[in-house]
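Descriptive analysis of the structure
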Amino acid sequence: MPRGGDRPGLIVAGNASIDLLLGPVAPWPAVGTEALVERIAWRLGGALGNTALALHGLGVHAELVWDVGDDEAGQGLAALLRAAFEPPRIQRAPTSVTVALTHPSGERTFVSHLGHLAVSEPDALAAAIEAAAPGDLLLVGGTFLLPRWRLALPELFARARERGVRTALDTGWPTEGWTDAVRAETFATLAHVDLFLPNLDEVRGLLGDEDLAPDAALRALAPRVAGRVVVKLGPDGAGYFDGDRFATAPAPPIEVADTVGAGDTFNAAILAGLRDDLPWDAAVAAAVEVASQAVASSPRRYPEWGSVRRAHSASPTAAGARAG
Ligand SMILES: Nc1ncnc2c1ncn2[C@@H]1O[C@H](COP(=O)(O)OP(=O)(O)OP(=O)(O)O)[C@@H](O)[C@H]1O
Ligand SMILES: [Mg+2]
């Protein structure tokens, strides 16, 4: 596996797709009509796609475990990351696409096709786990959009930990909602997860209580997770337990340009922080800083990881984490 010096390796596995953004759409078109819009953009999306773009922007290397379809869209996605990462596996299916239609209010309506994600098997992830070295970090993201990976995850995460690999999970939101089966499946995996990275809505959905405050939510979730939970709180940064004390790393006040992939960008930076042995609170604060800078920029920019790391290792607590 390609490595930077003697540092632990990062392995990022999950879904990549094409995001096509069109809008603003107003008024909402009637069936059978055509609407012209002013804005168009297409980009690499999905949990793995967003995390890979952030790692590339930060200048942090990782091994990617990902697929694309056997069409021109898949070739396009592969070309976007060719300079920085290993190529994807090609599936005999169309590349997954999400069309995001924006409304004048800034709200979005998403229409997605699973495409190649529907046929992706978890065997490449299993092979990456076998090839990993003890101490490496593995992040798996977007798992609810990978139907053939889902039920294999408890076993794969257990195997990774058995091999001394540190495991992180960001499931995203389940397409079928938080049913009892989805909860059971998620808890089965969380029993082998060293670092769970949900947002607050996802924790509330998982626990079946829409009103939980962040500290109560994390307290209720803790017994179900092998390791730690960091809950992403959007403009409020991120929260976690520091021993018995709930702490938050507040986000700086920013003007939001585009929040797409905020959580996946956060994941990229916290992984880099843990790889580089930043103190726990400093790794969370660094991830908040990187994600907030990213969502404030257009076109998107990422700070250079070396300078973020230096700033946060110099002054871990002063850098942003505080008791909540
Ligand atoms: N409005 C905002 N102001 C400042 N920072 C923000 C804002 N929204 C997001 N962020 C930054 O992005 C990080 C992750 O965002 P968020 O909590 O929205 O994750 P998420 O819900 O998992 O995102 P995603 O929808 O990408 O999965 C936050 O911890 C924060 O650093
Ligand atoms: Mg998220």
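A quick note: this is a predicted structure, and the numbers were derived from the prediction, not measured. All residue numbers refer to position in the chain's written sequence, counted from 1. The lettering of chains begins at A and the numbering of ligands begins at 1, in the order of writing. Local features in this predicted model are restricted to residues of pLDDT 70 or higher, and side-chain atom pairs are both shown and tallied only at a pLDDT of 80 or more, whereas totals for entire chains, interfaces and linings draw on every residue.

On to the pairing of strand β8 (residues 108-113), then. Each regular strand displays side chains that alternate between the two surfaces of the sheet. Put simply, a residue is buried when 20 or more other C-beta atoms lie within 10 Å of its own C-beta and exposed when 12 or fewer do; between those, it is partly exposed, and each C-beta is set from the backbone. Strands are runs of DSSP state E lasting at least two residues, helices are runs of H or I lasting at least four, and both sets are numbered from the N terminus onward. Little of β8 sits inside the fold, with 0 of its 6 residues counted as buried. Where strand β7 (residues 97-102) and β8 come together, 6 bridges link them in antiparallel fashion. Among the inter-strand pairings, V97 is bridged to a residue of β8, identified as H113. Between any two strands, pairing holds if DSSP finds at least two bridges. Counting the residues in the hairpin turn of β7 and β8 gives 5 residues, including G106, whose phi is positive at 95 degrees.

Of all the residues in helix α8 (residues 214-221), the buried ones are P214, A217, L218 and L221. Burial along α8 is one-sided: seen end-on, the buried residues are contained in an arc of 95 degrees. Tucked inside the fold, the buried residues of α8 contact α7 (200-207), β12 (228-232), β13 (238-242) and β14 (245-249). The directions considered for the arc are those from the helix axis to the C-beta atoms. Residue pairs are scored as contacts if the distance between their C-beta atoms, which are placed from the backbone, is within 7 Å.

What follows concerns the site of ligand 1. Around ligand 1 lies a shell of 20 residues, among which N199, K232, A262, G263 and A291 are the nearest. Residue assignment for the shell around ligand 1 shows that the elements contributing at least two residues are α9 (262-275) and α10 (280-296). Its residues assigned to classes, the shell around ligand 1 shows 11 nonpolar, 7 polar and 2 charged. Only the C-beta atom matters for this test: placed from the backbone, it must lie within 6 Å of a molecule or strand for the residue to be near it. We call Asp, Glu, Lys and Arg charged. Ala, Val, Leu, Ile, Met, Phe, Trp, Tyr, Cys and Pro are nonpolar, and the rest, Gly among them, are polar.

Glycine aside, residues mostly have negative phi, and peptide bonds are mostly found in the trans state. For the peptide bond that leads from A26 to P27, omega is -5 degrees, which places it in the cis range. Relative to the helices and strands, P27 is located in the loop between β2 (17-23) and β3 (39-45). Cis geometry is found at the peptide bond from S298 to P299, where omega equals -5 degrees. Its place among the elements puts P299 in the loop between α10 and α11 (305-314).

These results come straight from atomic positions and should not be treated as a statement about function.
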